[in-house]
Amino acid sequence: MVNSATAAPVVTAEGVAHTVRGDVATSELGVVLPHEHVLIDLGKFFEEPTDPIEKGYANAAITLENLGWVRFHHRQSRDNLVLSDVQSQIEELRLFKLAGGGTVVELTPACAGQDLSGLVALAEATGLHVVASTGVYLDEFQTELTRAMSSQQIGERMVRDITQGIDGGEIRAGIIGEMGCSWPLTVNEEKALRGAVLAQLATGASISIHPGRHPDAPGLLLDLLSSCGAQLDRIVIGHLDRTIPEHEDLVAVGRSGCFLEFDLFGQESSHVRYGPVDLPNDATRISRIAALIDAGFEDQILVSHDIAVKKWLSHYGGHGYDHILTRVVPRMKEHGISDVALRKMLVTNPARLLALSPSVGH
Ligand SMILES: [Zn+2]
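Since this is a predicted model, take the numbers as computed values, not measurements. (Residues numbered from 1 in each chain as written. Predicted model: local features only at pLDDT ≥ 70, side-chain atom pairs only at ≥ 80, totals over all residues. Heavy atoms only, no water.)

**Q** What am I meant to see in the coordination of the zinc ion here?
**A** Under perfect tetrahedral coordination by four donors, a metal shows angles of 109.5 degrees; under perfect octahedral coordination by six donors, it shows angles of 90 or 180 degrees. The protein atoms donating to the zinc ion are His35 (NE2), His37 (NE2), Glu178 (OE) and Asp306 (OD), with metal-donor distances spanning 2.0 to 2.4 Å. Classification of the site at the zinc ion as irregular follows from its 4 donor atoms and the range of 84 to 170° in their angles at the metal. Considered as a linear motif, the donors of the zinc ion on their single chain read H-x1-H-x140-E-x127-D. Here the residue His35 occupies a position in strand S3 (residues 31-36), and Glu178 occupies one in strand S8 (residues 175-180), the gap between them amounting to 143 residues. His35 gets classed as buried once you look at its relative accessible area, which sits at 0%. With relative accessibility at 1%, the residue Glu178 sits in the buried group. (Donors = N, O, S within 2.8 Å, 3.2 Å for Na, K, Ca; no water. Tetrahedral: all angles 85-135°; square planar, octahedral: opposite > 155°, others 65-115°. Helix = DSSP H or I, 4+ residues; strand = E, 2+ residues; numbered from the N terminus. Buried < 20%, exposed > 50% of the residue type's maximum accessible area, 1.4 Å probe, protein only.)

**Q** What exactly am I supposed to notice about the pairing of S3 here?
**A** With 6 of 6 residues buried, S3 lies mostly within the body of the structure. Bridge count for S3 against strand S6 (residues 101-106) is 4 bridges, and the pairing is parallel. Across the sheet, the residue bridging to Val32 is Thr103, located in S6. (Pairing = 2+ DSSP bridges.)

**Q** Just to check I follow, could you spell out the state of the cysteines for this structure?
**A** Disulfide: a covalent bond formed between the sulfur atoms of two cysteine residues. As enumerated under the stated definition, the model contains 0 disulfides in all. Left unpaired, Cys181 is separated from the closest cysteine sulfur, that of Cys228, by 11 Å. Judged by relative accessible area, Cys228 falls into the partly exposed class, the value being 21%. (Disulfide = S-S within 2.5 Å.)

**Q** What's the story with the domain arrangement of the protein chain in this structure? I'm lost.
**A** It is common to report an interface's size as the accessible area lost on association of the parts. In terms of domain boundaries, the protein chain breaks down into domain 1 (16-37 + 92-354) and domain 2 (40-83). Contacts between the two partners involve 23 residues from domain 1, matched on the other side by 17 residues from domain 2. A combined buried area of about 1700 Å² lies between domain 1 and domain 2, and 62% of that area is made up of carbon and sulfur atoms. Applying the counting criterion to the domain 1 and domain 2 interface returns 1 salt bridge. Across the domain 1-domain 2 interface, the total number found is 7 residue pairs in polar contact (both at pLDDT 80 or more). In the side of domain 1 that touches domain 2, the residues fall into 13 nonpolar, 6 polar and 4 charged. (Domains from an automatic or database assignment. Contact = heavy atoms within 4.5 Å. Buried area = accessible area lost by both parts, 1.4 Å probe. Salt bridge = Lys/Arg side-chain N within 4 Å of Asp/Glu carboxyl O. Polar contact = N/O pair within 3.5 Å; in protein donor to acceptor, adjacent residues only side chain to side chain. Nonpolar A, V, L, I, M, F, W, Y, C, P; charged D, E, K, R; others polar.)

**Q** Help me understand the environment of Val24, please; the structure alone is not making it clear to me.
**A** By the secondary structure assignment, Val24 is in strand S2 (residues 22-25). Taking the relative accessible area as the measure of exposure, Val24 reaches 11% and is therefore buried. C-alpha of Val24 to C-alpha of Pro358: the two residues are 334 residues apart in sequence and 9.7 Å apart in space. Ignoring sequence-local partners within four residues, the contact set of Val24 consists of Gly15, Val16, Ala17, Thr19, Leu29 and His129.

**Q** Sorry if this is basic, but what is going on with the packing of helix H11 (residues 323-334) against helix H12 (residues 339-354) here?
**A** Relative placement of two packed helices is described by the angle separating their axes and the distance separating the axes. It is at 11 Å that the axes of H11 and H12 come closest, and there the two elements cross at 145°. The element H11 and its partner H12 pack so that their crossing is right-handed. Facing Ile324, Leu325, Val329, Met332 and Lys333 of H11, the residues of H12 in contact are Asp339, Leu342, Met345 and Leu346. The residue inventory of the contact of H11 with H12, partitioned by class, reads 7 nonpolar, no polar and 2 charged. (Axes fitted to C-alpha atoms, helices over the stretch in contact; angles between N-to-C directions. Left-handed = near helix turned anticlockwise from the far one by under 90°.)

**Q** Would you mind showing me how to read the nonpolar core here?
**A** Generally speaking, nonpolar side chains in soluble globular proteins are found buried as a group. One finds Met179, Ile235, Ile289, Met332 and Ile337 to be the most contacted residues of the largest nonpolar core, which totals 98 residues. It is helix H7 (residues 187-203) that contributes the most residues to this core, 6 residues altogether. Formed jointly, this core draws a minimum of three residues from each of two domains, domain 1 (16-37 + 92-354) and domain 2 (40-83). Contact partners of Met332, with chain neighbours within four places excluded, come to Phe265, Ile286, Ile289, Val303, Ile337, Leu342 and Met345. By size, the runner-up hydrophobic cluster in this structure holds 13 residues, among which are Leu107, Val131, Leu302 and Leu354. (Core = buried A, V, L, I, M, F, W, Y, C linked by side-chain atoms within 4.5 Å.)

**Q** Whenever I open this one, the side chain of His18 confuses me. Can you help?
**A** By the secondary structure assignment, His18 is in strand S1 (residues 16-19). Given a relative accessible area of 1%, His18 falls into the buried group. In terms of polar contacts, His18 uses its side chain to reach the backbone carbonyl oxygen of Ile162, at 3.3 Å. Within the structure, the side chain of His18 is placed 3.1 Å from the backbone oxygen of Ala173, a separation counted as a polar contact. What His18 contacts, discounting residues up to four positions off in sequence, is Asp23, Val131, Ile162, Arg172, Ala173, Gly174, Leu356 and Val360.

**Q** Help me understand the pattern of salt bridges, please; the structure alone is not making it clear to me.
**A** It is possible for side chains bearing opposite charge to pair when their charged atoms get close. For the coordinates displayed, the defined rule picks out 14 salt bridges. Residues Arg160 and Asp167 are paired through a salt bridge, measuring 3.5 Å at the closest nitrogen-oxygen approach. When its relative accessible area of 61% is taken as the criterion, Asp167 is described as exposed. Note that Lys344 and Glu298 form a salt bridge whose closest N and O atoms lie 3.0 Å from each other. Of the two residues, Lys344 sits in helix H12 while Glu298 sits in the loop between helix H10 (282-294) and strand S12 (301-303), which places them 46 residues apart along the sequence. The class of Glu298 is buried, set by a relative accessible area of 19%. Salt bridges sharing common partners tie together Glu48, Lys55 and Arg78.

In C-alpha cells form, the structure reads like this:
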C-alpha cells in the first residue's frame, strides 16, 4: 500500500541509482544525460499530410531525398517517430561514451514503447549505465487501463516498478517520468501526477516532468505538487528551453527548489513550434543557464538533449547523444561557466537526482 502520510525515505547524494543492470553507487555514474529516449515509439504523434508528394514522404523510410522535408515536418514522417533499432542505437550511444559519458536516463514510459530488454542490450554493449523509468506520458498516449486507474493505483504500480521491478520483471525503475502534462493539464494527467507523488513519498524517487507548453505551466504544476506534499527538491521541471524565456520567471521556478532542466540542446529550429514560446538555440540556452548560475541556482541545473526522433540522431545528420559533451561544454567554458558549475550540471546534480536509499525495495 502507498501511504501518503509516510515520511519519504531520507536520500543523500551517496545513495544508489537503479540501473537496468542493477544498483550502482551514484559516485560511479560519471557524466549523466538526465533526459533522453533511446528506444521509443512516438507514433501517436503522427499527422498524415494531405499533399500527395508529402504523403509519399510520410510513409517512406527516411532517405537523403526526404530528410530535408522531415526536418521541418517531424510529426508527418512515420519512420522519424520510432527509435527501435537496438544495433544502430548502440552505435549512437557509443558516441556519448567515447566523448566521456557515463550514464543515460531513459525516460520512455511503457505507454510510449519502453523496451527494457533493448535497454539492457544497450547498456551491455556500450558499458554505459542506463536508468529506466516508470511514468505516465501525455493523455493521448495513456492506455485505457491507466485511464481507469485511480491515483492510488497508479502510485502503487510505480512503487512496485521502483522497489521490485517494472511490470513484474527484475529491472527496477530509477526515476518517475516522464510525466506528460498538456496545457491545460487534463484530468487523467493530474490523476497520474498525484499517483507519482504518492510513489515519491513511498520511495524517495525523483519525478521528471514534461510541462505544458505555456510559461505559466511550471508554476502551476509546482503548486499542485506542493499541495500533494511532493518533495520539490526531487522534482525536475523539464523542457524549460521551450517553456520559459524570461530570466525572472525562471528564477521564480528555481526558488521552489526544483531541478531546472534545459533538455533540448541541439534543437535549434525556430520553425518547429512548441507552443507560444520560440525554441531558443544553444547559445541562448547557455546565456540563460549562465544567468541562473550567477543568480545562485547552479545546484539545480540539469542539461540533456531529449533525443526522441531519428532526425536528431547522428546517422541521420542530427546532433546525436554526444552533442553536449562534444560541442556545448566548450561553448559553456568560452561563456565563462566555471569547471565547478559544469561538474555540478553534468555529474553532481544528476547524481543527487538519481540517488535512492540502498534499502529501497530490500
Ligand atoms: Zn522526453
